[in-house]
Amino acid sequence: MILAICGLALGGALGFLVPWSIPVAYSKLFSIALLASLDSVFGGLRAAGEGNFDDKIFISGFFSNALLAAFLVYVGDHLGIDLYYVALLALGFRIFNNLGRIRQYLLKKH
Amino acid sequence: MRFEKGRLSIACVCMVLGFMLAIQFRTTQDIKDNKPLQRVEVLTERIQKLESENQSLQDELNDIRNSSGEEHSQKMAQDIVLLSGRTAVEGPGIVITIDDSSQKSTAGEDMNLYLVHDEDLLKVINELRAAGAEAISINGQRLTATSEIRCAGPTVSVNNVRSAPPFEIRAIGSIHDLENAINMRGGVADTLKVWGINMTLQSSNNVWIPAYKNPISYKYATKSAKQEEGK
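A brief look at the structure comes next. Along each chain, numbering runs from 1 in the same order as the chain's sequence is written. Think of it this way: whatever chain is written first is A, whatever ligand is written first is 1, and the rest follow in order. Side-chain atom pairs in this predicted model are given and counted only at pLDDT of 80 or more, local residue features only at pLDDT of at least 70, and totals for whole chains, interfaces and linings cover all residues. For the side-chain quantities, the full set of heavy atoms in the structure was used; hydrogens and water were omitted.

## Points about the overall build of chain A
Along its length, chain A carries four helices and zero strands. Segments assigned H or I by DSSP are reported as helices when at least four residues long, segments assigned E as strands when at least two residues long, and all are numbered from the N terminus. If you list the helices and strands of chain A from N to C, you get α-α-α-α. Overall size of chain A, expressed as C-alpha extent along the three principal axes, is 50 × 35 × 20 Å. Think of it in three bands: with a 1.4 Å probe and only protein chains considered, a residue is buried below 20% of the maximum accessible area for its type, exposed above 50%, and partly exposed in between. Relative to its 110 residues, chain A shows a buried fraction of 38%. Here a residue-residue contact requires only that any non-hydrogen atoms of the pair lie within 4.5 Å. Taking the contacts inside chain A whose residues are at least 6 apart along the sequence as the reference set, 76% of them involve residues at least 24 apart. To measure how exposed things are, a 1.4 Å probe is used in the Shrake-Rupley method; for residues, cover is taken only from the protein chains shown. If you sum the accessible surface of chain A, you get close to 6,900 Å²; carbon and sulfur atoms cover 73% of it. His residues and chain termini do not enter the charge count, which takes Lys and Arg as positive and Asp and Glu as negative. Every charge is mapped onto a representative atom, which is NZ of Lys, CZ of Arg, CG of Asp or CD of Glu. Looking at charge distribution, chain A has the averaged site of its 8 positive side-chain charges lying 10 Å from that of its 6 negative ones.

Quick look at the structure:
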């Protein structure tokens, strides 16, 4: 747990220090990828809470979800279908769902 | 919570997440700080346009400086001949034919609404000029700087020559621009269509426009050396 928080802090610091920023054209894709990653993390926390956490599933899910979300939005942009909002809604829904499950688990434990 | 296995990899994932969060935060901050993107695009376009205009003026200036006086006056004479309509010209352009409406006016309605008027022709000519037409004629009468388009009873007078509908307007210029100027939504063609006035538009790569045939005489205006008023 401590290690994970340390990693988060280190990554954040790194992100602030490097001089790059996302070009405006890709900011939409990046934000949806970020949301998918957040969803994966919450999903992982829930799995840990329920006791069936598997690091392989967690890590592969983290990257594949982010890439797939960005890819879907990219394809949607080119097809004239605004999948951005669809992904936003679906991922947001899942995050809140996971949050609810985590809370239930914590309440039951204590 | 049980994180026994693969702690390091989870830390790595968390690091990536933190990195992404930070980058996204910075990007959002940047977008907020910047001027609206659209405004930037408009300004960029304007700068490019002005630069190319500047360049063409510079080229013209260089041309004039480099060419001898005679060459320059020859070029000027050529431009004036084209501008004044003293020669027939040809080139890509469009031919518009306008005729009175084939609809019958219902009782009590002004039947003038269904006829082609000088005003309708003026509107069409105005659009063509705005779209960069270089030479225009109406029923074989070349439009010059002093041409009138005037109602004369049931006919329309151009260059003091009367003609009746159908009117054939020829214009030389960019076919694309001219067609768009006439056919734009809510434009001349749309307005005339409401009254059923027949208007056909043909584009051609070789439109011929006759010369202005009447004599030119300037009785009142004389050349002035003043470049600006009051000097």
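Picking up after the structure, the text goes on.
## Quick word on the interface of chain A and chain B
The partner chain B presents 28 residues to the 35 residues of chain A that form the contact. Note on terms: buried area is the combined drop in 1.4 Å-probe accessible area of two parts once they are placed together, counting the loss on both. Interface of chain A and chain B: buried area, both sides summed, is about 3,100 Å²; carbon and sulfur atoms make up 79% of it. In protein, a polar contact requires one atom able to donate a hydrogen and another able to accept it; more generally it is a pair of N or O atoms within 3.5 Å, and residues adjacent in sequence count only if both atoms are side-chain atoms. Across the contact surface, chain A and chain B share three residue pairs in polar contact (both at pLDDT 80 or more).

## Structural notes on the environment of L67 of chain A
Residue and element names in this part refer to chain A. Assignment of secondary structure puts L67 in helix α3 (residues 55–79). By relative accessible area, which is 63% here, L67 ends up exposed. As for L67 and F30, which are separated by 37 residues in sequence, their C-alpha atoms are 9.4 Å apart.

## Details of the sheet that holds strand β6 (residues 161–163) of chain B
Adjacent strands of a sheet form backbone hydrogen bonds with each other and so pair up, either parallel or antiparallel. Residue and element names in this part refer to chain B. What the three strands build is an open sheet, ordered β4-β5-β6; its pairing is antiparallel. What marks the edges here is a single partner per strand, and that holds for β4 (149–152) and β6. Taken over all neighbouring pairs, the strand axes of this sheet differ in orientation by 35° on average, direction set aside. If DSSP finds at least two bridges between two strands, the strands pair. Pairing geometry for strand β5 (residues 155–158) and β6, over three bridges, is antiparallel. Looking at β6, one finds that V158 is bridged to V161. Helix axes are fitted only over the stretch in contact, all axes being lines through C-alpha atoms; the angle between N-to-C directions runs from 0 to 180 degrees. Strands β4 and β5 of the sheet are contacted by helix α4 (residues 118–130), whose axis makes an angle of about 165° with β4.

## So, the packing of aromatic side chains
A pair of aromatic rings is counted whenever rings of Phe, Tyr or Trp (Trp by its six-membered ring) have centres within 6.5 Å, and the orientation is called stacked for planes under 30 degrees apart, edge-to-face for over 60 and tilted otherwise. Across all of its chains, the model carries four aromatic pairs over all chains by this definition. Both rings, one in F16 of chain A and one in F25 of chain B, keep their centres 5.7 Å apart while their planes meet at 65°; by these two values the pair is edge-to-face. Remark: F25 of chain B occurs in helix α1 (residues 7–33) and F16 of chain A occurs in helix α1 (residues 2–17); the pair is interchain, linking two chains. Overall, F16 of chain A belongs to the partly exposed group, its relative accessible area being 45%. Here F25 of chain B falls in the partly exposed class, since its relative accessible area comes to 46%. Geometrically, the ring pair formed by F53 of chain A and F58 of chain A is tilted, given 5.5 Å between the ring centres and 50° between the ring planes.

## Side note on the sheet that holds strand β8 (residues 198–209) of chain B
All names here are of chain B. Pairing within the open sheet is antiparallel, and its five strands lie in the order β3-β2-β7-β1-β8. What marks the edges here is a single partner per strand, and that holds for β3 (141–142) and β8. Two elements, strand β2 (residues 135–138) and strand β7 (residues 167–172), share four bridges in a ladder whose sense is antiparallel. Paired with A135 across the bridge in β7 is I172.

## Side note on the environment of K104 of chain B
Positionally, K104 of chain B belongs in the loop between β1 (89–99) and α4. Note: C-alpha distance between K104 of chain B and Y114 of chain B (ten residues apart in sequence) is 8.0 Å.

## Some details on the layout of surface pockets
Empty space left among the atoms is revealed by rolling a probe the size of a water molecule over them. In this structure, the largest pocket spans a volume of roughly 400 Å³. A cavity, in this analysis, means grid points on a 1 Å lattice covering only the protein atoms where a 1.4 Å probe fits yet has no way out; a pocket is instead an open set bounded by protein on both sides within 12 Å along at least five of seven lines, and a residue lines either one if it has an atom within 4 Å of a point. Lining the largest pocket are 17 residues, and of these T144, T146, Y212, I216 and Y218 of chain B sit closest to its centre. Gly falls in the polar group here, along with every residue not listed as nonpolar (Ala, Val, Leu, Ile, Met, Phe, Trp, Tyr, Cys, Pro) or charged (Asp, Glu, Lys, Arg). Among the residues making up the lining of the largest pocket, the classes are represented as seven nonpolar, eight polar and two charged. Grid points are joined across faces, edges and corners, and a volume is the space filled by probe spheres set on the points. The computed volume of the second largest pocket comes to approximately 300 Å³. Along the walls of the second largest pocket sit 18 residues, with S40, G43, G44, A47 and I57 of chain A positioned nearest its centre. Broken down by element, the residue count for the lining of the second largest pocket peaks at six residues, all from helix α2 (residues 27–50) of chain A. Looking at the lining of the second largest pocket, its residues break down into five nonpolar, eight polar and five charged.

By themselves, these figures tell us nothing about what the structure is for.
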